[in-house]
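# Remarks on the overall topology
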Amino acid sequence: MSYKYIGKSYNRPDAISKVTGKAQYLDDIRLPGMLHAAILRPEHAHARIISIDTSEAEKMPGVVKVVTGKGCDLHYGDNIKDLVPMAVDKVRYIGEPVAAVVADTTFNAQKAVEKIRVEYEPLPVYIDARDAMSEDAVLIHEENGNYWHLPTLNPQSGTNVANLYRLKKGLGKDGFSEAEVVVEGDFLYPLGSCSAIEPHGSIVWFKEDNTIEAWSSSICPFIIRQDLAYSYGIPESDVRVHIPDIGGCFGYKSDITVEQTIAYIASFVPGYPVKWVASRKEDFTSTLLGHGTRMIMKIGAKKDGKLVAMETKVLHSGGAYADTAVNVTIASTHNCTGPYEFDHCDLSGYTVYTNTPPVGAYRGYGHQEAQFATERLMDILARKLGMDSLELREMNYLCEGKINSLGEKMWRTNGDVKACAEKVRNLVFSKEIIHEDENFFYGRGFAALMKSPKGAPFSTKGCYMKMNIDGSISINMGGAEVGQGLRTVVQQIAGEALQIPPERIRVYNDIDTQYSPYEWQTIGSMFTTQGGRAIIRAADKLIMILKQTAAQVLKTDVDYLDYDGEYVFLKNDPSIRVAVPELSRGYITSDGITIGEVAQSVSDARLPRYSNPDQNGQGSLGVEYTFGAQAAEIRIEKKSGKIFVDHFASTFDVGQVINPMQIRGSVMGGVLMAIGATLYEKVEFDQDGKITNPHFFKYHLPTYKEAPQQTVDFIENPGTVGPFGARGIGEHPVIGPAPAILNAIYDAIGIDFFEIPVTPEIIKKALATKHQKEYA
Amino acid sequence: MVEKISFTINGQLRVMEVDPEMMLIDVIRDVLNLTGTKRGCDNATCGTCTVVINGKATKSCNTPISKIAGAEILTVEGLARGKELHPIQKSISESGAIQCGFCTPGIVMELYGLLENKPDASELEISNSLNKHLCRCTGYEPIKDGALMAQKLMQDRNKN
């Protein structure tokens, strides 16, 4: 299919403002009368609060108000209302808000916060789910089970298990009776940080007219609006949320994070906007972390390699509040089959309260943690069967007609994982093997992957489209631009749908819940698919309005007319026509009477037939699956144990590439982020629950020199949901790197690792042990 | 305690009374309202606060204001001439180097400090400079492409 504007690299509409320093991020906003907040964090990760003395803080210069959680009865959350804006009688993690100071400047607020004295009675601290699940563990939430929660959740009262999700397919565990070979392993994808370079921040303003106005570095303005309206008992229409430019999200700016805390603080100083921006340390300790996922996985197969059964237990260290963690656990559970069909599945996911910052979304969540285990076990199974690991995979791919763990049938239009794997095989495995030399071991590893869609019953995305008097177009949507380039994609899709050049389409900049159409939240790699569909539906409506007006002008029926972006004309005689701009505000006749409607439209789009899980944990996520394959070529330095990723190849069946430059950028950034998780990044805790590396010089993000050469390739089997057949791509690149690199490590040195990050120290130790054994 | 201090920023002479302990980033952002210079970490690791002081790319988050008396400072707002972008801005905006844009001002100023002083900088020198900056979005390759494009544009400009 050939397109006019799709599949070409248009430049981003926000490129100039970002390169000139004029893009406005949260911390760049200045409002009249604005005050600044600083927040006190506890000295213990789990403790009762005995007393708080704010008297010294109140005397400090510039202080307007000191706030504590005393008497606060607010609980919030989308899935489980277990969150509180400020600790009331107990702290549950080291970054929890205990008290706050509002002052004229940030500096004065911080100085005053240091004067607050708190007395605590420490409680036992649990970092790992297994410890929090032990029978004698103290309850982190005595109220577990009594909080409001979604009807699909299953909290275990009287324990630290916030939710237990079970999925059974076929015979479940009994399916292993058909297996001839079994492999198993215990895999850990530890706690990590999304670490956008822009930290979290919010401004909240309680106004004298009983409305609330807020700004946040968030991708969920409509959730924030709904949540604040609920908490403060006012109509949603009286809460207005703005989203400025966002300096990266990668997951942890979704859902509601810091906004309720800042709102609570601001509610004590009505009339004044209150700003708070996280320090980097607070961005680690006091927002959301990612992962924390232990996968205990068992796979059964026939001797010929046909997979038959899978049993997986997901032990998820979900942090001190489970509202966002439950989704991570559930996704890790049903996505853990990876891109393979198993006739029988017994999968269980435990979301466990622990004394760490709450776990929430992290780019790709539920996929990379789960398929890390699957893709490592596929290599281990291949070795056990004496098969080529790519051939073993190929026998079992979820292709047309196969049924996934949730019971959904795969269609041809879900894409072709085999073709992706074949491309990657040619890119990496057709090369000659490099043998160990004096300084290095060499290896290469493969991972196939599956990405499920992310939906909810009301997970819609909207589009407002209006034609201006000169025929140019203005578009408003609720999709948050976090860097992924969605505004370019909007321009291109609208251009194609309306047959109007993207240069004549101006796309919204900030989101404002008063003016932007409703969007659930910009998550799950769903914007191009769902938002793009909404654009096409809005464009179809707008074109129909133009045709209806033109039908009156040209004195004919609508179905005799055609449209090409410039004119509406008679199908059988294009010379009988009316120019599109003349129809944009209705058509003004020669005597001044206007006929027809203004050319503007509104639309939305959701996933087809999304449904909640049934009693077996099965359901429909809404059709739109995506597949891909990735591979790593690595080098391990013998002296240091350091791993160098020399080349990383990725291929995804994305249906249709919208913007080649942007999609390549998305993939390369995602791959490097996951290389960071595989080799460097882990949020470390001491036994008291303190984070020991909440800074970039200790929590190492991959730098320029650590970036591998990348090959990025796509297959385009159009889907049925997204615009022009396009599927999502935002999260997919992070899924394969960890297993591909660990499979490559085995290829290089014959050692299996089950945990990331694999640091030089770990490699050196493992090599020494291996050496010892070989000579024993 | 405040001290009178004067310096030039983006070609304008500024005289102000400030606490000499203040860091340059706070003066730039909060006193002068030049919000293009960003803060991304607590201890001079991420590089997004980089500005050019007397021709040299420098992190503004750990530079006390007292050290810049009499200095010439350039921030990202000072590069374009009206609507005409500096070659580094033009290249970085077209090479795919921009996603969220939060690291961009620091990288632009880093490259300015390098390439205006040394238009023939080697690829190693360019990579040493870029290695001081964290970017979470791009995987760095498009930033390298932008830097090399900028270098070429600047070499051409300098010939004319």
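Owing to the predicted nature of the structure, the values given are computational and were not obtained by experimental measurement. (Residues numbered from 1 in each chain as written. Chains lettered and ligands numbered in written order. Predicted model: local features only at pLDDT ≥ 70, side-chain atom pairs only at ≥ 80, totals over all residues.)

### Let's talk about the overall build of chain A
- For chain A, the count of helices and strands is 16 helices and 29 strands.
- A compact globule built from 776 residues should have a C-alpha radius of gyration of about 28 Å, and chain A, at 27 Å, falls within 12% of that.
- Overall, the C-alpha framework of chain A stretches about 100 × 75 × 50 Å when taken along its three principal axes.
- Counting only residues that meet the buried cut, chain A has 59% of its 776 residues in that class.
- Pairs at least 24 residues apart make up 79% of the contacts formed inside chain A by residues separated by at least 6 positions. (Helix = DSSP H or I, 4+ residues; strand = E, 2+ residues; numbered from the N terminus. Rg over C-alpha atoms; globule rule 2.2 N^0.38 Å. Buried ≥ 20, exposed ≤ 12 C-beta atoms within 10 Å, placed from the backbone. Contact = placed C-beta atoms within 7 Å.)

### Quick word on the overall build of chain B
- Within chain B, the regular secondary structure consists of five helices and five strands.
- The order of helices and strands in chain B, counted from the N terminus, is β-β-α-β-β-β-α-α-α-α.
- Relative to a compact globule of 160 residues, whose C-alpha radius of gyration would be 15 Å, chain B shows 16 Å and is just as compact.
- Considered along the principal axes of its C-alpha atoms, chain B spans approximately 45 × 35 × 30 Å.
- The burial tally for chain B puts 55% of its 160 residues in the buried class.

### Concerning the sheet that holds strand β2 (residues 47-53) of chain A
All names here are of chain A.
- Taken in spatial order, the three strands make up an open sheet running β4-β2-β6, and their pairing is antiparallel. Of all strands in the sheet, those bounded by a partner on one side alone are β4 (90-91) and β6 (117-122).
- Direction of pairing for β2 relative to β4: antiparallel, over a ladder of two bridges. The residue bridging Ala 47 from the neighbouring strand is Val 91, located in β4. (Pairing = 2+ DSSP bridges.)

### What about the interface of chain A and chain B?
- Across the boundary between the two partners, chain A contributes 45 residues, which contact 38 residues of chain B.
- Listing elements by their share of the side of chain A that touches chain B, those giving two or more residues are α1 (15-19), α7 (280-285) and α14 (660-679) of chain A.
- Among the elements that line the side of chain A that touches chain B, the one with the most residues is α14(A), at seven residues.

### Side note on the packing of helix α2 (residues 87-94) of chain B against helix α5 (residues 141-159) of chain B
All names here are of chain B.
- At a closest axis distance of 8 Å, the pairing of α2 and α5 adopts a crossing angle of 145 degrees. Crossing handedness for the pair α2 and α5: right-handed. Along its contact with α2, which presents Pro 87, Ile 88, Lys 90, Ser 91 and Ile 92, the element α5 presents Gly 146, Met 149, Ala 150, Leu 153, Met 154 and Arg 157.
- For the contact of α2 with α5, the class distribution of residues is seven nonpolar, two polar and two charged. (Axes fitted to C-alpha atoms, helices over the stretch in contact; angles between N-to-C directions. Left-handed = near helix turned anticlockwise from the far one by under 90°. Nonpolar A, V, L, I, M, F, W, Y, C, P; charged D, E, K, R; others polar.)

### Description of the domain arrangement of chain B
All names here are of chain B.
- Domain annotation for chain B reports domain 1 (3-78) and domain 2 (87-159).
- When each unit is reduced to the centre of its C-alpha atoms, the spacing between domain 1 and domain 2 is 21 Å.
- Taken residue by residue, the interface counts 15 residues in domain 1 and 14 residues in domain 2.
- Where the side of domain 1 that touches domain 2 is concerned, the elements lending two or more residues are β3 (50-53) and β4 (56-59).
- Broken down by element, the side of domain 1 that touches domain 2 gets its largest block of residues, three residues, from β3.
- The residue inventory of the side of domain 1 that touches domain 2, partitioned by class, reads six nonpolar, seven polar and two charged. (Domains from an automatic or database assignment.)

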